[in-house]
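Each chain is listed here by its residues.
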Amino acid sequence: MPSTATSSLAVSSIADVRAAVAKARGDAARIGFVPTMGALHRGHLSLVERARKESDMVVMSIFVNPLQFGPSEDFSRYPRPLEHDAQVAADAGVDILFTPSVEEMYRQDRLIAVTAGTTSQQWEGAVRPGHFDGVLTVVAKLFNIVQPDVAVFGRKDLQQAALVKAMVRDLDFALRMIVAPTVREEDGLALSSRNTYLSPEQRHDALALVQSLRAASAVFEEGERDIRAIETAGWDVLSAAPQVKVDYFAVVNSESFAHELVAAPGSAVIVAGRVGPTRLIDNIMLGENDQD
Ligand code: AMP
């Protein structure tokens, strides 16, 4: 990894990141913000690139948020290559890197959290109870700490992006949300920090996820609008890959996440499943030429 002359300012306290952002804002800079859990890959970097286009100064956070992990999930083994990430972020043009500890983010005597509402209990929320409450609580805190003008999220986590958008609207955060396209490997696999868990064989099996989405998209492109027919095309691919334990595969409204009755351009096809112990999610937007 090439190093650059200027590196990001890495700070781990809320007071320090507030001071650094306030200083930048004093120069009338527009602040762009990219929240992450680290183990950075090209997907994260595409969000930084987008934030750089939309703002003068980019803040990235790296925080593995315990609130969004269930008791049997991978919180403790989630990859945390912090030094490497700091270099990658600096090379990508991140100006301020915020890397708080759990203790810095969550007071022991804290009382208040964000509740994501009923639509959060479908799909990802059904498989991961409480997950989106944890996501929205940390994102609300990060928004209040950084106070960005623009926040960039990935479409890869579509339900998360829809719920953050709803929170920005319903709780009046003064920022603009951008949802950027999913970055994929050449063979279609969506980049994810959790891909590092996969053996070569599991990585191959995991391709069934994107292939199921593309099969559904292909029948939509041929003119099919019947949900059952579109979903069947995807399920056929998944049935041929029994190594993938599917949690859900569905055509939904990309904002409400209600199961669609009739597919339309902009409907989302969402899929989630486990390959070995690793849980992966992906989605595609119908009628958008492989979503991007
Ligand atoms: P994470 O570190 O997994 O919590 O992700 C941080 C941000 O990066 C979220 O907004 C994700 O949606 C986004 N992201 C993750 N993977 C990708 C990808 N393959 N392409 C684009 N954005 C991504």
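From a predicted model like this one, the values you see are computed outputs, not experimental measurements.

Between its terminal C-alpha atoms helix H2 (residues 42-54) stretches 18 Å, which fits the 18 Å expected from 13 residues at 1.5 Å a residue. Along H2, the positions that sit buried rather than exposed are Gly43, His44, Leu47, Val48, Ala51 and Glu54. Viewed along the axis of H2, the buried residues span an arc of 150°, placing them on a single side of the element. Buried residues belonging to H2 abut strand S2 (31-36), strand S3 (57-62), helix H3 (82-92), strand S5 (150-154) and strand S6 (176-180).

Inspection of the secondary structure puts valine 271 in strand S8 (residues 268-275). C-alpha of valine 271 to C-alpha of isoleucine 284: the two residues are 13 residues apart in sequence and 9.0 Å apart in space. Aside from chain neighbours lying at most four places away, what touches valine 271 is Leu209, Ser212, Leu213, Leu238, Tyr248, Phe249, Leu280, Ile281 and Asp282.

The next thing to look at is the site of the ligand. Among the 16 residues in the neighbourhood of the ligand, the closest are listed as His44, Gly154, Asp157, Val183 and Leu191. In the model, an oxygen atom of the ligand is placed 2.9 Å from a nitrogen or oxygen of the glycine 154 main chain. Ranked by the residues each element gives to the shell around the ligand, the list is headed by H2, at 3 residues. Residue classes in the shell around the ligand are distributed as 7 nonpolar, 7 polar and 2 charged.

Our focus in this paragraph is the packing of aromatic side chains. All told, the structure shown has 8 aromatic pairs when counted by the stated rule. Ring geometry for phenylalanine 33 against phenylalanine 143: centres 6.3 Å apart, planes inclined by 70°, an arrangement best described as edge-to-face. Linking phenylalanine 33 in strand S2 with phenylalanine 143 in helix H6 (residues 131-146), this pair joins segments that are 110 residues apart in sequence. The exposure class assigned to phenylalanine 33 is buried, which follows from its relative accessible area of 0%. Residues phenylalanine 63 and tyrosine 106 carry aromatic rings whose centres are separated by 6.0 Å and whose planes lie at 50° to one another, so their mutual orientation is tilted. With a gap of 43 residues between them, phenylalanine 63 in the loop between S3 and H3 and tyrosine 106 in the loop between helix H4 (102-105) and helix H5 (124-127) connect regions that are remote in the sequence. Under the relative-accessibility criterion, phenylalanine 63 is labelled buried at 5%. Here the aromatic residues Phe33, Phe143, Phe153 and Phe173 are joined through ring pairs into a cluster of three or more.

Reading the values: rules and limits
Residues numbered from 1 in each chain as written. Predicted model: local features only at pLDDT ≥ 70, side-chain atom pairs only at ≥ 80, totals over all residues. Heavy atoms only, no water. Helix = DSSP H or I, 4+ residues; strand = E, 2+ residues; numbered from the N terminus. Expected span 1.5 Å × (residues − 1). Buried < 20%, exposed > 50% of the residue type's maximum accessible area, 1.4 Å probe, protein only. Arc of directions from axis to C-beta. Contact = heavy atoms within 4.5 Å. Near = heavy atom within 4 Å. Polar contact = N/O pair within 3.5 Å; in protein donor to acceptor, adjacent residues only side chain to side chain. Nonpolar A, V, L, I, M, F, W, Y, C, P; charged D, E, K, R; others polar. Phe/Tyr/Trp six-rings, centres within 6.5 Å; stacked < 30°, edge-to-face > 60°.

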